[in-house]
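Spelled out, the chains give:
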Amino acid sequence: MTTQNTLPRLTGFILEDQTELTLQDVCRACAAQVDLVIELVQEGVLTPSGSAPAQWRFTGVHMHRATVALRLQRDLGVNLAGAALALELMDEMDELRAQLHRMTGT
C-alpha cells in the first residue's frame, strides 16, 4: 500500500497595477499597522494616489514593494530609510537588466 503525500492548497489573488487598494486593504494584506504603512509612504517606499490617507489608493506594485520593505525590516533589521534605498537599487538593477536584455536579445 502506498501513501500519497499531498501539498496544501494555496489560494490567493493576483494584483495588477490597475487594482485599487485602500490603506486598510494594504494593512490587512501585509499584516502591518496603519502607522507603519504611513511611514512607508513618508519614506517614499510607496507613492499612492490621493492626497490624504483616507483617499490613498494603492496598486499591486505597491503591495509588492510594501511586502519587500517589511520583510527587509523584519528579517534583516533594516530601517525604513534603508528599505527605501534597497528598493530603489533593486528597481535600478531591474531596469539595467531589461536594457541589457534589449541590447543582447537574450
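Summary of the structure given here. (Residues numbered from 1 in each chain as written. Predicted model: local features only at pLDDT ≥ 70, side-chain atom pairs only at ≥ 80, totals over all residues. Heavy atoms only, no water.)

1. A few points about the packing of helix α3 (residues 60-76) against helix α4 (residues 80-104)
It is the contact of α3 with α4, at a shortest axis distance of 9 Å, that shows an interaxial angle of 125 degrees. Judged on the interaxial angle alone, α4 and α3 are oblique. Seen along the crossing, α3 lies across α4 with a hand that is right-handed. Of α4, the residues touching α3 (which contributes Arg65, Val68, Ala69, Leu72 and Gln73) are Leu80, Ala83, Ala86, Leu87, Met90 and Asp91. (Axes fitted to C-alpha atoms, helices over the stretch in contact; angles between N-to-C directions. Helix = DSSP H or I, 4+ residues; strand = E, 2+ residues; numbered from the N terminus. Parallel < 35°, antiparallel > 145°, perpendicular 65-115°, else oblique. Left-handed = near helix turned anticlockwise from the far one by under 90°. Contact = heavy atoms within 4.5 Å.)

2. Here's the deal with the pattern of salt bridges
This model, assessed by the stated rule, comprises 5 salt bridges. Across the salt bridge formed by Arg28 and Asp25, the nearest N and O atoms sit 2.7 Å from each other. Residue Arg28 and its partner Asp25 are located together in helix α1 (residues 23-30), separated by 3 residues, close to a single helical turn. For Arg28, a relative accessible area of 57% corresponds to the exposed category. What makes Asp25 partly exposed here is its relative accessible area of 25%. The closest approach of N and O atoms between Arg65 and Asp91, which form a salt bridge, is 2.7 Å. Here Arg65 is found in helix α3, whereas its partner Asp91 is found in helix α4, with 26 residues between them in sequence. For Arg65, a relative accessible area of 15% translates into the label buried. The partly exposed category is assigned to Asp91, whose relative accessible area is 39%. (Salt bridge = Lys/Arg side-chain N within 4 Å of Asp/Glu carboxyl O. Buried < 20%, exposed > 50% of the residue type's maximum accessible area, 1.4 Å probe, protein only.)

3. Section: α1
Side chains three or four residues apart in an α-helix point the same way, a direct result of the helix having 3.6 residues per turn. For α1, the set of buried residues is Leu23, Val26, Cys27 and Cys30. Projection of α1 onto a plane perpendicular to its axis shows the buried side chains occupying an angular sector of 100 degrees, all on one side. Exposed and oriented more than 90 degrees from the buried face of α1 are Arg28 and Ala29. Its buried side turned inward, α1 meets α2 (34-42) and α3. Ala31 sits one or two positions beyond α1 and adopts a positive phi of about 55 degrees. (Arc of directions from axis to C-beta.)

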